[in-house]
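# Coordinate inspection notes
The chain contents come next:
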Amino acid sequence: MNTKLTIPSPLQKIEDPVYNKHNLEVFIKRDDLIHAEISGNKWRKLKYNFEKFKSGKYDAVLTFGGAYSNHIAATASAGSMFQIPTVGIIRGNELNEGSNATLAKAKADGMNLVFISREIYEQRYERIYHEELRREFGNVLIIEEGGANFLGAQGVAELVQEISFEPDYIYTAAGTGTTAAGLLLGTKTANIIAISALKNGNFLRDEIGKTLYYSLFDDELVADYLKRLTLETEYHFGGYGKYTDELLNFMQSWKAKTGIALEQVYTAKMIYAFEQDILANKIAPNSKVVLLHTGGLQGVLNNG
Ligand SMILES: *Cc1c(COP(=O)(O)O)cnc(C)c1O
């Protein structure tokens with residue numbers, strides 16, 4: 001496997017007559033190019049967690065996810081790359097490592113896959129359950145589902161330093177909201193536009209607030225940061241992992257226009273929302289916009 005990570009990831013300008021007409025300079029931050037197998041924002045979120053592992057106190061990294069999780073795939077792949085043992089607690093005791101290509105690949109990367117019932121999975125944030133896991137798997141470094149923790153947000157915040165100007169807007173897709181929180185932490189004035197990939201995504205504002213709190217420890221500061229957040233919850237196309245022909249057509253025409261591939265779970269929904277925002281004049285003219293390509297293309301190949 002390719003052990004090189006492309007960091008800083010490239011920043012690429014996108015030319016489009018519609019963007020020009022609205023006097024927008026539009027760039028895409030190509031975190032999809034960080035690694036072919038480790039989804040871009042998943043690497044950002046894993047980086048400091050893996051560094052913590054290197055302190056030498058831990059036997060393995062343990063984390064949680066569903067059967068198609070980009071985070072599980074990324075953790076397994078990065079574990080193989082850095083020779084760190086990994087344990088994946090997978091939601092669904094009816095599953096096994098042959099259930100799909102994501103799980104087969106994680107297994108091939110050396111991840112110890114453990115399938116548990118949906119009921120037990122509900123305990124994934126419980127201290128008591130973590131103690132149980134440590135009795136079974138040794139002194140594991142536990143990373144939250146989706147890499148959604150303080151260190152994850154810190155890793156994302158860093159990517160902003162790779163951009164030589166402060167954007168007026170940064171668009172990102174949101175699943176746990178950790179990436180959006182990291183972007184808020186990494187910027188001072190930028191508007192962060194987070195597009196929920198899930199139905200009923202309004203809870204994400206609170207989640208993002210909680211992640212911010214772990215860095216800022218001040219409710220007023222958190223409220224200040226959250227003023228720069230716009231959460232768009234209408235672009236889920238039916239819910240997490242769901243899509244329509246319209247979205248697939250959009251993905252294809254965007255690829256034809258830019259040469260850049262998107263996937264239907266996160267990034268296509270985000271860029272679709274961005275283009276709707278342009279047409280609705282929600283973006284101030286003469287702005288610099290950065291679209292964060294969070295990756296996920298590995299998942300598309302896997303899920304067929
Ligand atoms: C996981 C993922 C996201 C969501 O990131 P959060 O930090 O959980 O909001 C967005 N895009 C891609 C491609 C992902 O794999």
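The following paragraphs examine the structure supplied in this document.

What counts and how
- Residues numbered from 1 in each chain as written.
- Predicted model: local features only at pLDDT ≥ 70, side-chain atom pairs only at ≥ 80, totals over all residues.
- Heavy atoms only, no water.
- Axes fitted to C-alpha atoms, helices over the stretch in contact; angles between N-to-C directions.
- Helix = DSSP H or I, 4+ residues; strand = E, 2+ residues; numbered from the N terminus.
- Parallel < 35°, antiparallel > 145°, perpendicular 65-115°, else oblique.
- Left-handed = near helix turned anticlockwise from the far one by under 90°.
- Contact = heavy atoms within 4.5 Å.
- Phe/Tyr/Trp six-rings, centres within 6.5 Å; stacked < 30°, edge-to-face > 60°.
- Buried < 20%, exposed > 50% of the residue type's maximum accessible area, 1.4 Å probe, protein only.
- Lys NZ or Arg CZ within 6 Å of the ring centre and 35° of its normal.
- Polar contact = N/O pair within 3.5 Å; in protein donor to acceptor, adjacent residues only side chain to side chain.
- Near = heavy atom within 4 Å.
- Areas by Shrake-Rupley, 256 points an atom, 1.4 Å probe, with all protein chains shown as cover.
- Nonpolar A, V, L, I, M, F, W, Y, C, P; charged D, E, K, R; others polar.

### A word on the packing of helix α2 (residues 40-53) against helix α3 (residues 70-82)
Packing of α2 against α3 leaves a shortest axis separation of 10 Å and a crossing angle of 50°. Comparing the axis directions of α2 and α3 gives the class oblique. Regarding α2 and α3, the two cross each other, and that crossing is right-handed. Residues Lys42, Trp43, Leu46 and Phe50 of α2 form the contact with α3, whose participating residues are Asn70, His71, Ala74, Thr75, Ala78, Gly79 and Phe82.

### What to know about the packing of aromatic side chains
Counted by the stated rule, this structure contains 13 aromatic pairs. Each ring, one from Phe50 and one from Phe82, has its centre 6.3 Å from the other, and the planes form 75°; the classification is edge-to-face. With Phe50 in helix α2 and Phe82 in helix α3, this residue pair connects regions lying 32 residues apart in the sequence. Judged by relative accessible area, which is 2%, Phe50 ranks as buried. For the pair Tyr240 and Tyr266, a centre-to-centre distance of 5.9 Å together with 65° between the ring planes defines the contact as edge-to-face. In this pair, Tyr240 is assigned in the loop between β9 (229-232) and α11 (245-258) and Tyr266 in the loop between α11 and α12 (267-279), connecting sequence segments 26 residues apart. Judged by relative accessible area, which is 44%, Tyr240 ranks as partly exposed. The class of Tyr266 is buried, set by a relative accessible area of 15%. Cluster of aromatic residues (ring-pair linked, three or more members): Tyr235, Phe237, Phe250 and Tyr272. Taking NZ or CZ as reference, Lys42 lies 5.5 Å from the ring centre of Tyr266, over its face. Over the ring of Phe165 we find Lys288; its NZ or CZ atom is 5.5 Å from the centre of that ring.

### Observations concerning the side chain of Asp31
Along the polypeptide, Asp31 turns up in the loop between β2 (25-30) and α2. Owing to a relative accessible area of 1%, Asp31 belongs among the buried residues under this scheme. For Asp31, the side chain forms a polar contact with the side chain of Ser9, separated by 2.7 Å. Those residues in contact with Asp31, other than ones at most four positions away along the chain, are Ser9, Gly40, Arg44, Leu159, Leu292 and His293.

### Observations concerning the site of the ligand
By nearness alone, 15 residues border the ligand, and Lys42, Gly175, Thr176, Thr179 and Thr294 come closest of all. Taking Lys42, its side chain carries an N or O atom lying 2.7 Å from an oxygen atom of the ligand. Between the ligand and Thr178 there is a distance of 3.5 Å, counted from an oxygen atom to a backbone nitrogen or oxygen. If the ligand stood free it would expose 390 Å²; the protein chains cover 98% of that surface. Those elements that place two or more of their residues in the shell around the ligand are α2 and α8 (178-186). Considered class by class, the residues forming the shell around the ligand number 2 nonpolar, 11 polar and 2 charged.

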